[in-house]
Amino acid sequence: MVARTLAGGQKKALAEGRTIIFIDESGFYLLPMAVRTYAPRGQTPILEEYLSRDHLSVIGAVTADGKLILKIFDHPISSEEVIAFLDLLQRYIPGLLTIIWDGSPTHRSKAIQNYLSDGAAKRIHLERLPGYAPELNPTEYVWSYLKKVDLANVSCNSLPEIRTFLITAKKRLRAKPELIKSFVLHIGYQV
């Protein structure tokens, strides 16, 4: 069912020469994502954590050919940040773009509609994923990988510290385009 749903949009995008881009947002908190790990017998690993609601907001994009684009903010993402990210994508990826994302209020805002009507719609076509199926967005798998693999058991005391870890993790993941392609293939999209 998923592959058939994506196939029609995929054929149309290919016929128009569009690059398909999946976009999503996530938050990275100071608290560690605790996962099972190994340690010598009798030496239980202890994570020290700093209790805070402080976090970094990240917006990311994944393409079917394994490209990963991330932008990090130290405040919640609003329509202005989404528009800045769409501008970044237009500079980074040539040609026509099909953006596939969820129905977040920031994606449906008047500012986004104005941005498109002011000329961005010439290059950008938007498609919305159903709210009940976040697993159809491969960017969700990027967040899971970063949190549960690259940043697993990482405890930070400040936002600049987690930003440094996140930038390093992003560079490591960008060096694995085959892994990013596997996230796209996992949702049923034919690369």
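One structure accompanies this document, and this report is about it. (Residues numbered from 1 in each chain as written. Predicted model: local features only at pLDDT ≥ 70, side-chain atom pairs only at ≥ 80, totals over all residues. Heavy atoms only, no water.)

## Quick look at the environment of leucine 88
- Tracing the chain through its elements places leucine 88 in helix α2 (residues 79-92).
- Separated by 19 residues in sequence, leucine 88 and isoleucine 69 place their C-alpha atoms 9.1 Å apart.
- Not counting chain neighbours up to four residues away, the residues in contact with leucine 88 comprise Ile69 and Lys71. (Helix = DSSP H or I, 4+ residues; strand = E, 2+ residues; numbered from the N terminus. Contact = heavy atoms within 4.5 Å.)

## Section: the sheet that holds strand β5 (residues 124-128)
- Here we have 5 strands laid out as an open sheet, ordered β3-β2-β1-β4-β5, and mixed in their pairing. Strands with a single pairing partner mark the edges of an open sheet, and in this sheet they are β3 (68-73) and β5. Neighbour to neighbour, the strand axes of the sheet diverge by 25° on average, direction disregarded.
- Inspection of the sheet shows strand β1 (residues 18-29) paired to strand β4 (residues 96-101) by 5 bridges, in the parallel sense. Bridging from a neighbouring strand, isoleucine 21 pairs with isoleucine 99 of β4.
- Where helix α4 (residues 139-150) meets the sheet, its contacts fall on β1, β2 (55-63) and β3, and the angle it forms with β1 comes to roughly 35°.
- Contacts from helix α5 (residues 159-174) reach β1, β2 and β3, with the element oriented near 175° to β3. (Pairing = 2+ DSSP bridges. Axes fitted to C-alpha atoms, helices over the stretch in contact; angles between N-to-C directions.)

## Quick look at the nonpolar core
- Counting 32 residues, the largest nonpolar core has Phe28, Val142, Leu146 and Leu166 as the members making the most contacts within it.
- Where this core is concerned, the elements lending two or more residues are β1, β2, β3, α4, α5 and α6 (177-186).
- When sequence neighbours within four positions are dropped, the list of residues in contact with leucine 146 reads Phe28, Leu70, Leu151, Ala152, Leu166, Ala169, Lys170 and Leu173.
- Counting residues in each nonpolar core, the second largest holds 21 residues, with Ala61, Ile83, Leu86 and Ile93 among its members. (Core = buried A, V, L, I, M, F, W, Y, C linked by side-chain atoms within 4.5 Å. Buried < 20%, exposed > 50% of the residue type's maximum accessible area, 1.4 Å probe, protein only.)

## Overview of the side chain of glutamine 90
- With respect to the secondary-structure elements, glutamine 90 resides in helix α2.
- Look at glutamine 90 and you get buried, because its relative accessible area is 17%.

## Let's talk about the pairing of β4
- With respect to burial, β4 is a largely interior element, 5 of its 6 residues being buried.
- In this structure, β4 lies alongside β5, joined through 5 bridges in parallel fashion. Within β5, the position partnered with tryptophan 101 by the bridge is arginine 128.
- In this region the chain leaves β4, passes through helix α3 (residues 110-117) and returns to the parallel neighbour β5; the handedness of that crossover is right-handed. (Right-handed = clockwise from strand over helix to strand, strands pointing away.)

## Re α3
- Among all positions of α3, only Ile112, Tyr115 and Leu116 are buried. All buried residues of α3 fall inside an arc of 95° around its axis, so they share one side. Opposite the buried face of α3, at more than 90 degrees from it, the exposed residues are Lys110 and Ser117.
- Turning to α3, the residues buried within the fold contact α2 and β5.
- Just downstream of α3, glycine 119 is the residue with a positive phi angle, here 130°. (Arc of directions from axis to C-beta.)

## Thoughts on α6
- When α6 is considered as a whole, its buried residues turn out to be Ile180, Phe183 and Val184. Down the axis of α6, the smallest arc covering the buried residues is 95°, so these residues share one side. Relative to its buried face, α6 has exposed residues pointing more than 90 degrees away, namely Glu178 and His186.
- Residues of α6 that are buried make contact with β1, β2, β3, α4 and α5.

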